[in-house]
Amino acid sequence: MSKFVIYPAIDIRDGKCVRLVQGDYNQETIYNEDPVAAARDWEAQGGQWIHLVDLDGAKAGHPVNDELIGRIAKAVGVPVQVGGGLRTDEDVERLLGLGVSRVILGTAAIEDRAFVSRVLKKYGEKIAIGIDARNGLVATRGWLETSEVKAEDLAVQLAGEGAQTFIFTDISRDGMMGGPNVEAILSLAQVSGQTVIASGGVSKPEDLDRLAVHAVEGIGGAIVGKALYTGSIELAEAVRKFAN
């Protein structure tokens with residue numbers, strides 16, 4: 001069986017660790033005043049990666065919390081991946097230079113294909129493509145806009161340009177604790193032939209089971225946020241289960 005990795009999520013806004021409901025900046029819950037402490041805690045509980053989102057950056061269209069992200073990357077001994085507002089070669093180079101292991105490009109995959117092609121060619125597996133979909137169409141700019149591009153079409157095109165990892169979010173499921181859209185995630189993995197990390201909707205251990213059974217077909221892990229913070233999923237227990 002292929003590896004299935006759980007990515008504890010830390011969403012950063014105004015220097016704090018927060019969660020939004022369906023990307024709505026007006027529906028925010030603060031879970032930790034100190035994201036560095038949160039990252040250390042997830043590592044201590046067995047987290048193999050840390051998933052960071054610069055919410056301020058996603059909204060502004062450029063990274064905002066670089067200094068904090070750099071501190072987190074240095075504070076933990078596990079790899080860190082970061083998304084939120086990365087739109088230029090300089091953004092990518094700067095974050096990788098801060099010790100980040102993988103950067104996630106979202107809006108740019110729709111709006112600046114030349115940039116995405118360049119960094120895929122230059123950095124390879126250090127680039128992940130974040131595909132956030134609303135009714136099957138790719139949403140951009142912190143989910144504030146919806147394009148006319150189908151999620152699966154984008155994945156196929158970018159896999160052809162060297163993308164090896166996709167992070168797929170069904171926006172309707174995010175923060176709602178209603179379970180992930182396994183069918184859509186699996187379909188994206190199958191059409192692209194690459195690894196897809198599930199994001200959004202994971203609310204209980206059974207949701208992870210439903211995803212992990214498809215690891216051999218390309219579902220390589222799940223990003224888990226709210227369920228960890230509310231305690232409905234215990235990270236240490238889940239990591240142990242899927243380590244085998």
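Residues numbered from 1 in each chain as written. Predicted model: local features only at pLDDT ≥ 70, side-chain atom pairs only at ≥ 80, totals over all residues. Heavy atoms only, no water.

### Some remarks on the pattern of salt bridges
- Summed over all chains, the structure comprises 8 salt bridges.
- Residue Arg71 is joined to Glu67 by a salt bridge in which the shortest nitrogen-to-oxygen separation is 2.8 Å. Here Arg71 pairs with Glu67, and both are found in helix H3 (residues 66–75), just 4 residues apart, close to one helical turn.
- Among the residues examined, Arg71 registers a relative accessible area of 42% and is labelled partly exposed.
- The salt bridge involving Asp207 is made with Lys204; its shortest N-O contact spans 3.4 Å.
- Each of the salt bridges in this network shares a partner with another, and the network as a whole consists of Asp66, Asp91 and Arg94. (Salt bridge = Lys/Arg side-chain N within 4 Å of Asp/Glu carboxyl O. Helix = DSSP H or I, 4+ residues; strand = E, 2+ residues; numbered from the N terminus. Buried < 20%, exposed > 50% of the residue type's maximum accessible area, 1.4 Å probe, protein only.)

### Details of the packing of helix H9 (residues 205–212) against helix H11 (residues 235–243)
- Interhelical geometry of H9 versus H11 gives an angle of 25° and a closest axis separation of 11 Å. The angle between H9 and H11 falls in the class roughly parallel. The chirality of how H9 crosses H11 is right-handed. Of the residues in H11, those touching H9 at Leu208, Asp209 and Ala212 are Ala238, Lys241 and Phe242.
- The class makeup of the residues in the contact of H9 with H11 is 4 nonpolar, no polar and 2 charged. (Axes fitted to C-alpha atoms, helices over the stretch in contact; angles between N-to-C directions. Parallel < 35°, antiparallel > 145°, perpendicular 65-115°, else oblique. Left-handed = near helix turned anticlockwise from the far one by under 90°. Contact = heavy atoms within 4.5 Å. Nonpolar A, V, L, I, M, F, W, Y, C, P; charged D, E, K, R; others polar.)

### Some points on the side chain of His51
- Relative to the elements of secondary structure, His51 occurs in strand S4 (residues 50–54).
- Using a relative accessible area of 6% as the deciding quantity, one classes His51 as buried.
- Side-chain polar atoms of His51 contact the side chain of Gln81, separated by 2.9 Å.
- Not counting chain neighbours up to four residues away, the residues in contact with His51 comprise Tyr7, Pro8, Ala9, Ile10, Gln81, Ile104, Ile167 and Ile223. (Polar contact = N/O pair within 3.5 Å; in protein donor to acceptor, adjacent residues only side chain to side chain.)

### Regarding the UniProt feature "active site" (unreviewed entry) in the protein chain
- As recorded in UniProt, the feature "active site" (unreviewed entry) lies at Asp11 and Asp132.
- Overall, the relative accessible area of 9% leaves Asp11 in the buried class.
- Secondary-structure assignment places Asp132 in strand S7 (residues 127–134).
- Looking at Asp132, the relative accessible area reads 18%, which means it is buried. (UniProt positions renumbered as here; feature names shortened; annotations may be inferred.)

### Describing the packing of aromatic side chains
- Taken as a whole and assessed by the stated rule, the structure comprises 4 aromatic pairs.
- Here the aromatic cluster, defined as three or more aromatic residues joined through ring pairs, consists of Tyr31, Trp42 and Tyr229.
- Sitting over the face of the ring of Trp49, Arg102 holds its NZ or CZ atom 4.3 Å from the ring centroid. (Phe/Tyr/Trp six-rings, centres within 6.5 Å; stacked < 30°, edge-to-face > 60°. Lys NZ or Arg CZ within 6 Å of the ring centre and 35° of its normal.)

### Here we look at the nonpolar core
- Ranked by internal contacts, the top residues of the largest apolar core, which has 68 residues, are Phe4, Ile10, Val92, Ile129, Ile131, Phe166 and Leu208.
- Among residues more than four places away in sequence, those in contact with Val92 are Leu86, Val103, Leu105, Phe115, Val119, Tyr123 and Ile127.
- Core analysis: the second largest hydrophobic core is formed by 9 residues, Val5, Ile104, Ala128 and Ile223 among them. (Core = buried A, V, L, I, M, F, W, Y, C linked by side-chain atoms within 4.5 Å.)

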